[in-house]
Amino acid sequence: MKRGNCYVTSEALYHNLGGKRAGWKPMFLRTDSGESHWFLKHNSGLILDATAKQFGRNKPDYSKARGNGFLTVHPSKRARKLMEELTWQ
């Protein structure tokens, strides 16, 4: 799986799933190899990492993550494009 898409993927899912009002929080961590990684965490504790497959069996240590906001309040241009692709029906 191609790397470098976790931010925009998490951002698009965050907005499509209802964001903060629906109990989702954007999360950020540095992997053991020093790469940045983004995913979502629900208030229930559920982790939603749509790009986790890129790590194979070596999943990130989600306990090292911290909550972090996205750069924009509204979906970015890249996130809007992905959201349109996700909801094409």
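Preceding block: the structure.
**A few points about the nonpolar core**
Grouped together as the largest cluster of nonpolar side chains are eight residues: C6, L13, Y14, W24, F28, W38, L40 and F70. Elements that contribute at least two residues to this core include exactly α1 (6–16), β1 (24–30) and β2 (36–42). In terms of residue count, α1 provides more of this core than any other element does, three residues in total.

**As for the sheet that holds strand β3 (residues 47–48)**
Here four strands make up an open sheet; going across it, the order is β3-β2-β1-β4 and the pairing antiparallel. Looking at strand neighbours, the two that pair on one side only are β3 and β4 (66–67), the edges of this open sheet. In this sheet, β2 lies alongside β1 in antiparallel orientation, the contact comprising seven bridges. In the strand pairing of β2, W24 is matched with H42. Together, β1, β2 and β3 form the strand contacts of α1, whose direction differs from that of β2 by roughly 20°.

Here is what the cut-offs are and how they apply
- Residues numbered from 1 in each chain as written.
- Predicted model: local features only at pLDDT ≥ 70, side-chain atom pairs only at ≥ 80, totals over all residues.
- Heavy atoms only, no water.
- Core = buried A, V, L, I, M, F, W, Y, C linked by side-chain atoms within 4.5 Å.
- Buried < 20%, exposed > 50% of the residue type's maximum accessible area, 1.4 Å probe, protein only.
- Helix = DSSP H or I, 4+ residues; strand = E, 2+ residues; numbered from the N terminus.
- Pairing = 2+ DSSP bridges.
- Contact = heavy atoms within 4.5 Å.
- Axes fitted to C-alpha atoms, helices over the stretch in contact; angles between N-to-C directions.

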